[in-house]
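Notes for the structure review
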Amino acid sequence: MDFSWTEEQISMRNQAYKFGKEIVAPNSAEMDEKEELDWDAWKKAAEFGFQGMMIPQKYGGVGLDPLTICYTMEGLGHGCRDVGFLTSLGTHMVICEIPILEAGTEAQKEKYLPKLVTGEWVGGFGQTEPGAGSDVAALSTTAEKKGDVYILNGSKTFITNAPIGDLFVVLATVDKSKGHKGITAFLVEKSFEGFQAGRKLEKMGMRASPTGELVFEDCVVPEENLLGQVGQGFAVAMSTLVWERSTMLPALVGAAEARLEEAVRYAKNRVQFGKPIASFEAIQTKLANMKMHLELSKTMFYKVAWLKSQGKPATMEASLAKLFFSETNRMDALDAFQIHGGYGYMKEYPIERDVRDCIANTLGGGTSEIQRMIIARDVLSMYE
Ligand SMILES: Cc1cc2nc3c(=O)[nH]c(=O)nc-3n(C[C@H](O)[C@H](O)[C@H](O)COP(=O)(O)OP(=O)(O)OC[C@H]3O[C@@H](n4cnc5c(N)ncnc54)[C@H](O)[C@@H]3O)c2cc1C
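Per chain, residues are indexed from 1 in the order of the written sequence. It should be noted that, the model being predicted, local features are given only for residues of pLDDT at least 70 and side-chain atom pairs only at 80 or more, the latter also being counted only at that level, while totals for whole chains, interfaces and linings use all residues.

1. Description of the domain arrangement of the protein chain
What counts is decided by this rule: Domain segmentation is taken from an automatic or database assignment of domains. Here, residue contact means that the backbone-derived C-beta atoms of the two residues sit within 7 Å. Basically, the charged four are Asp, Glu, Lys and Arg, the nonpolar ten are Ala, Val, Leu, Ile, Met, Phe, Trp, Tyr, Cys and Pro, and anything else, Gly included, counts as polar.
Taken as a whole, the protein chain is organised into domain 1 (7-117), domain 2 (123-231) and domain 3 (235-382). In this complex, domain 2 contributes 11 residues to the contact, which on the side of domain 3 involves 9 residues. Taken together, the residues of the side of domain 2 that touches domain 3 sort by class into 7 nonpolar, 4 polar and no charged.

This is the structure:
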């Protein structure tokens, strides 16, 4: 087993770190306040190659392998510590682009991927509905075939990039009585008749990532925008969610590393009882736990990325990594907050934003309870 990185991988991580620190981080607090995506950083990220990192060169992308992507995204998160920006970017490059790459026709790939890779178009993924969150098979947005088009009716909620998106992978059912076997994926452009982005939703954290609703009222989707086969939408979604759990989250692991660095710096500088608080065992215990969680999270995501690089299944491993990281990240953000004392509660320190940002990681991409169900399913079949 070889844990070393190549020079190219180290260079990619370092460049991504620098990009995050110099281009994204300076505006993060302002974007959080305004609840807006940083468009300047978005365009520069596309020039850097982030939006095309997962896409082959023939569609204008960079075509990196999952392990290098994992490490590079970790570097970006480490440099910028902006979970909002990372969420919008990750949604675009993972859960919009990947289903097109995996299930799309050649014509769909040629039509949409180059626009997404350059950042000219923003992508999203519409699965969740007001009445169907964890229970994806219960979704009720309908798709009815009429001649050479499908007519979509229904709505989606909590959709990342909904207010700013140009293209959405949308799940709808062609026959609700078939449960998950009726679910079908479509590519919906914002200009399609009968489609509109609904309300923008105000959030507690990740505010630099706009979130909102999608509304379909007799929305006309050409047959050629069917993504995969009729009835295969559930499989498209499940595969996409494994990619989300495995390649979006390493960026947030990087952000957690930046938070640990700051907690250490603060603990060394803050003097109480005549000593830096870093000399107190209670503070050191928190820092040690953070480091342990960070290293384990990294190792778990590297394994997932390695499995993906080998073309091997990684469903359970992705759930294990997602569950462990999102749960410990929440605890560690609160511990870092505690180390900052009253200053941590004030907006002038970024730890306040970290706490708000990391709470939702145990929801998006499948809740912790759902991750445990996936893991338990495998465990039960694995051992007698
Ligand atoms: C910031 C943010 C961004 C998001 N972006 C997107 C996006 O881009 N696209 C998209 O489609 N969705 C998105 N989502 C939605 C997200 O995927 C859902 O919130 C998530 O799947 C949970 O669904 P729900 O909120 O309806 O909760 P519910 O499914 O109603 O769950 C409520 C609670 O019940 C628990 N629960 C449910 N079923 C079970 C069970 N069988 N056993 C035990 N416990 C159970 C859940 O774990 C949870 O604790 C986003 C959410 C957030 C917060």
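2. A few points about the site of the ligand
For the record, the criterion: We call a residue near a molecule or strand when its C-beta atom, built from the backbone, sits within 6 Å of it. Going along the chain from the N terminus, every DSSP run of H or I of four or more residues is numbered as a helix, and every run of E of two or more is numbered as a strand.
Near the ligand there are 20 residues, and of these Gln127, Gly133, Ser134, Thr367 and Glu369 occur at the shortest range. Of all the elements in the fold, those that place two or more residues in the shell around the ligand are strand S1 (123-126), strand S3 (149-160) and helix H11 (368-382). For the shell around the ligand, the class distribution of residues is 7 nonpolar, 12 polar and 1 charged.

3. Overview of helix H3 (residues 39-48)
Going by this rule: Burial is judged by counting other C-beta atoms within 10 Å of a residue's own C-beta: 20 or more means buried, 12 or fewer means exposed, and anything between counts as partly exposed, with every C-beta placed from the backbone. As used here, the arc is the angular range of directions from the helix axis to the C-beta atoms.
All buried positions along H3 are accounted for by Ala41, Trp42, Ala45 and Phe48. Down the axis, H3 shows its buried residues gathered within 120° of arc, on one side only. Exposed and facing more than 90 degrees away from the buried side of H3 are Trp39, Asp40 and Glu47. Here the buried face of H3 lies against helix H1 (7-24) and helix H5 (83-103). A positive backbone phi angle near 115° is found at Gly49, which sits one or two residues after H3.

4. Some words on the packing of H5 against helix H7 (residues 233-269)
A pair of packed helices is characterised by two quantities: the angle between their axes and the separation of those axes. Selection criterion: Fitted lines through C-alpha atoms serve as axes, helices being fitted only where they are in contact, and the angles separating the N-to-C directions of these axes extend from 0 to 180 degrees. Orientation categories follow fixed angle ranges, with anything under 35 degrees roughly parallel, anything over 145 roughly antiparallel, 65 to 115 roughly perpendicular, and all other angles oblique. Whether a crossing is left-handed or right-handed is set by the direction in which the near helix is turned from the far one by less than a right angle, anticlockwise for left-handed and clockwise for right-handed.
Contact geometry for H5 and H7: axes closest at 9 Å, N-to-C directions at 150°. Regarding the angle of H5 to H7, the classification is roughly antiparallel. Between H5 and H7 the crossing geometry is right-handed. Of H7, the residues touching H5 (which contributes Val83, Leu86, Gly90, Val94, Ile95, Ile98, Pro99, Glu102 and Ala103) are Val236, Ser239, Thr240, Trp243, Glu244, Thr247, Met248, Ala251, Leu252 and Ala255.

5. Regarding unusual backbone geometry
Phi at Arg81 takes a positive value of approximately 55°, unusual for a residue other than glycine. By the secondary structure assignment, Arg81 is in the loop between helix H4 (66-80) and H5. Judged by the 27 C-beta atoms lying within 10 Å of it, Arg81 is buried.

6. Overview of the packing of H4 against H7
Viewed as axis vectors pointing N to C, H4 and H7 meet at an angle of 35°, and their least axial separation amounts to 6 Å. For the pair H4 and H7, the crossing hand works out as right-handed. Note on element contacts: H7 touches H4 through Thr247, Pro250, Ala251, Leu252, Val253, Gly254, Ala255, Glu257 and Ala258, opposite Pro66, Ile69, Cys70, Met73, Glu74, Gly75, Leu76, Gly77 and His78. For the contact of H4 with H7, the residue count by class is 11 nonpolar, 5 polar and 2 charged.

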